[in-house]
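# Remarks on the overall topology
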Amino acid sequence: MAEEQALIRVKDLRKDFGSNHVLRGINYEIQKGQKIVLVGPSGCGKSTFLRCMNLLEVPTGGEVWLDDVQVNDPKTDINKVRQRMGMVFQHFNLFHNLTIMDNITLAPVKLGLMNREEAQEKALQLLRRVNLADKADAYPHSLSGGMQQRIAIVRSLEMNPEVMLFDEPTSALDPEMVGEVLDVMTELAEEGMTMVVVTHEMAFARQVANKVLFIDQGVIQEENAPEEFFAHPKNPRLQDFLSKVLK
Amino acid sequence: MDSLSSQFYKAFVKNNRWMLYIKGLGSTLEVTLFAALLGLVLGTLACLFNMKRGRSGKRTVGSAIAYVYIDVIRGTPTMIQLLIMWNVIMAASKNKILVASLAFGINSGAYVAEIIRGGIQSVDPGQMEAGRSLGLTRIQTLKNVVLPQAFKNCFPSLMNEVITLLKETSIAGAVGLAELTHASDMVSSATYQYMMPLLGAAVMYFAVVKLMSFLFGILENKLKESDMR
């Protein structure tokens, strides 16, 4: 029997910003249930790679596939694709003008996926899981960064995504709040969610990732299981990078 | 030369002339209200189209139309626009309130479009990205997330535009609309005296502007309450 088709397939992905070639041909396949962690120096293109997957950045060349849908085909309904891919941002990006409950239920209700009651019930369940059910009627500004990010994760989960993209989810947090967000992500990983995570949290990568990718100069320089990746890095740039971040 | 009290008498009391100012003020407020509403709707639409780009990053047809509208209206005098509306486009209409409301509304819309553009640009782009990443369309995200924040951010400028609009309607006398300035003109020509009628009109404009500023201030504070920082 043929091997099961990968959930996400990226073929020769390229992205230019003017004359700046940020991605220079990325090829990768992500299986359902895998947790992939992307690391690399700042400006290496790891966030751009992530943002190309749900077309927040439109690739200059190459292909991105989710199942049998080509994400970057102009004929594809990108909104349908995005409903299947959750995204968590560095700066949380909760909707400032809406309560926590409305933040979570806006998309499924407006898109006609659930009625308001269903959406609110599910939102409360998810909020209870992250111990924030009592904040349902609060506005984002009144919450700490760690709370906002946990709620941002809940907002994505409300859509029942098949894959979750995390773009440096803990980089904007005060140190004491990093743990509470990583805990939620670890729990999510244990439940089998497919995850692609850009992060500088090496301990998280070691603990949760199936594969760690080192991206530099717009290509994947090295890919390995976390033990090998951290213990025996082969690429000299990766060795240099790890020597700086693992102290 | 008449004494001040005699001037006052002629300007406001004799022949119930005060009624002219009140009726004039009524027309002024009517035109301001209609024009402000039309301007808000037109301006919002023009702004959204003006900021829209096709997949290739180029302007769409709608966007080009919005750009030309904003550009032409802001680049020509309001008086000319009013005269064109009265003598050319709506030459068949005798309804001066309607013609003036249209002319001033279309004029105001171009300025409102630029005010709202500023408001939208002051909203963190991450808000739009978050909405789009959930599968919401651009329009859905604008309507539910970006525009409410943009309106709040540019509320003081929008209200300033309404106040400007109120005062700008004073040129509508050029097409014979009996608004407040026109009323003071009528009295001046009847009495051959200018100071009292003009002073009277100025005081009434000023009083209305102060009242509007006061009400807008209350509204602005109400909007801030939902910030809950």
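These figures come from a predicted structure and were not determined experimentally. Every residue gets a number counted from 1 within its own chain, in the order that chain's sequence is written. Written order determines the labels here, with chains lettered from A and ligands numbered from 1. Under the rules for a predicted model, residues below a pLDDT of 70 receive no local features and side-chain atom pairs below 80 are neither given nor counted, while totals for whole chains, interfaces and linings still include all residues. Heavy atoms from the whole structure form the basis of all side-chain values; hydrogens and water molecules are not counted.

### Quick notes on the overall build of chain A
Within chain A one finds nine helices and 10 strands. Taking 247 residues into account, the globule formula puts the C-alpha radius of gyration at 18 Å, and chain A, at 18 Å, falls close to it. Considering only C-alpha atoms, chain A reaches an extent of 50 × 45 × 45 Å along its principal axes. Within chain A, the fraction of its 247 residues that count as buried is 56%. For chain A, the share of sequence-separated contacts (at least 6 apart) that also reach a separation of at least 24 residues comes to 65%. For the area figures, the Shrake-Rupley method with a 1.4 Å probe applies, and any residue is considered shielded solely by the protein chains shown. Total accessible area on chain A stands at roughly 10,800 Å², and carbon and sulfur atoms take up 46% of it. Between the averaged position of the 27 positive side-chain charges in chain A and that of its 35 negative side-chain charges there is a distance of 4 Å. Only DSSP runs of H or I covering at least 4 residues are called helices, and only runs of E covering at least 2 are called strands; the numbering of each starts at the N terminus. We compute the radius of gyration over the C-alpha atoms and compare it with the globule rule, which gives 2.2 Å times the number of residues raised to the power 0.38. A 1.4 Å probe rolled over the protein chains alone gives each residue an accessible area, and that area as a share of the maximum for its type sets the label: buried under 20%, exposed over 50%, partly exposed in between. Should any heavy atoms of two residues lie within 4.5 Å, those residues are considered in contact. When charges are counted, Lys and Arg contribute as positive and Asp and Glu as negative, whereas His and the chain ends are disregarded. The atom standing in for a charge is NZ when the residue is Lys, CZ when it is Arg, CG when it is Asp and CD when it is Glu.

### Section: helix α5 (residues 145–157) of chain A
Between the first and last residue of a helix there are one fewer steps than residues, each counted as 1.5 Å, and that sum is the expected span. Along its 13 residues, α5(A) runs 18 Å from first to last C-alpha, staying within 8% of the 18 Å computed at 1.5 Å per residue. The buried fraction of α5(A) is high, at 12 of 13 residues. Where α5(A) is concerned, the buried positions are G145(A), G146(A), Q148(A), Q149(A), R150(A), I151(A), A152(A), I153(A), V154(A), R155(A), S156(A) and L157(A). The inward-facing, buried residues of α5(A) abut β6 (85–88), α3 (100–110), α4 (116–129), β7 (163–167) and α6 (175–190) of chain A together with α6 (125–133) of chain B.

### Observations regarding the confidence of the model for chain B
Averaged over every residue, the pLDDT of chain B is 93; the share at 70 or more is 98%. Among the prediction metrics, the complex's ipTM stands at 0.93, with pTM recorded as 0.86. Confidence per residue, as judged by the predictor, is encoded in pLDDT with a range of 0 to 100.

### A closer look at the side chain of S63(B)
Residue and element names in this part refer to chain B. Here S63 is to be found in helix α3 (residues 61–74). Overall, S63 belongs to the buried group, its relative accessible area being 0%. Engagement of the side chain of S63 in a polar contact is seen with the backbone oxygen of N50, the distance being 3.5 Å. Discounting chain neighbours no more than four positions away, the residues touching S63 are F49, N50, K52 and R53. By the criterion applied in these results, polar contacts are pairs of N or O atoms within 3.5 Å in which, for protein atoms, one can donate a hydrogen and the other can accept it, and in which residues neighboring in sequence qualify only through two side-chain atoms.

### A closer look at the pattern of salt bridges
Definition used for salt bridges: Asp or Glu carboxyl oxygen within 4 Å of a side-chain nitrogen of Lys or Arg. Tallied over the full model, the rule gives 16 salt bridges over all chains. Linking E191(A) and R129(A) is a salt bridge whose minimum nitrogen-to-oxygen distance equals 3.3 Å. Of this pair, E191(A) sits in the loop between α6 and β8 (194–198) while R129(A) is found in helix α4, placing the two residues 62 residues apart along the sequence. The shortest N-O distance in the salt bridge between D216(A) and R237(A) comes to 3.0 Å. With D216(A) in strand β9 (residues 211–216) and R237(A) in helix α9 (residues 236–245), the pair connects residues that are 21 residues apart, well separated along the chain. Residue classification places D216(A) among the buried residues on the basis of a relative accessible area of 8%. Among the ionic contacts, a cluster of salt bridges with common partners joins R51(A), E57(A) and E129(B).

### What about the nonpolar core?
Grouped together as the largest cluster of nonpolar side chains are 53 residues, with contacts concentrated most on Y21(B), F104(B), I116(B), I120(B), L158(B), L180(B) and M212(B). Of all elements in the fold, only α1 (4–13), α2 (18–51), α3, α4 (78–89), α5 (96–121), α7 (138–168), α8 (180–191) and α9 (195–225) of chain B reach the threshold of two or more residues within this core. Per-element tally for this core: the top contributor is α7(B), with 12 residues. When neighbours within four sequence positions are excluded, I120(B) is seen to be in contact with C47(B), L48(B), M51(B), V146(B), L147(B) and A150(B). As used in this record, nonpolar core signifies buried Ala, Val, Leu, Ile, Met, Phe, Trp, Tyr and Cys residues forming a set joined through side-chain atoms within 4.5 Å. Core analysis: the next-biggest nonpolar cluster, separate from the first, contains 47 residues, L94(A), V154(A), F204(A) and F230(A) among them.

### Things to note about the packing of aromatic side chains
Any two rings among Phe, Tyr and Trp, with Trp reduced to its six-membered ring, count as a pair given centres within 6.5 Å; such a pair is stacked if its planes are under 30 degrees apart, edge-to-face if over 60, and tilted if neither. By the definition in use, this model includes four aromatic pairs over all chains. Between the aromatic rings of F214(A) and F241(A), the centroid separation amounts to 5.4 Å while the plane-to-plane angle is 40°, which identifies the pairing as tilted. Taken as a pair, F214(A) in strand β9 and F241(A) in helix α9 lie far apart in primary sequence, 27 residues in all. Taken together, a centroid distance of 4.8 Å and an interplanar angle of 50° make the contact between F8(B) and F12(B) tilted. Of the two residues, F8(B) and F12(B) both sit in helix α1, four residues apart, roughly one turn of that helix. Classification of F8(B) by relative accessible area gives partly exposed; the value is 42%. Ring pairs connect the aromatic residues F8(B), F12(B) and Y21(B), which therefore count as one cluster. The cationic tip of R155(A) hangs over the ring face of F95(A); the distance from NZ or CZ to the ring centre is 4.4 Å. Either the NZ atom of lysine or the CZ atom of arginine qualifies as a charge over a ring when it sits within 6 Å of the ring centre and within 35 degrees of the ring normal. Above the plane of the ring of F230(A) lies R206(A), whose end atom (NZ or CZ) is 4.7 Å from the centre.

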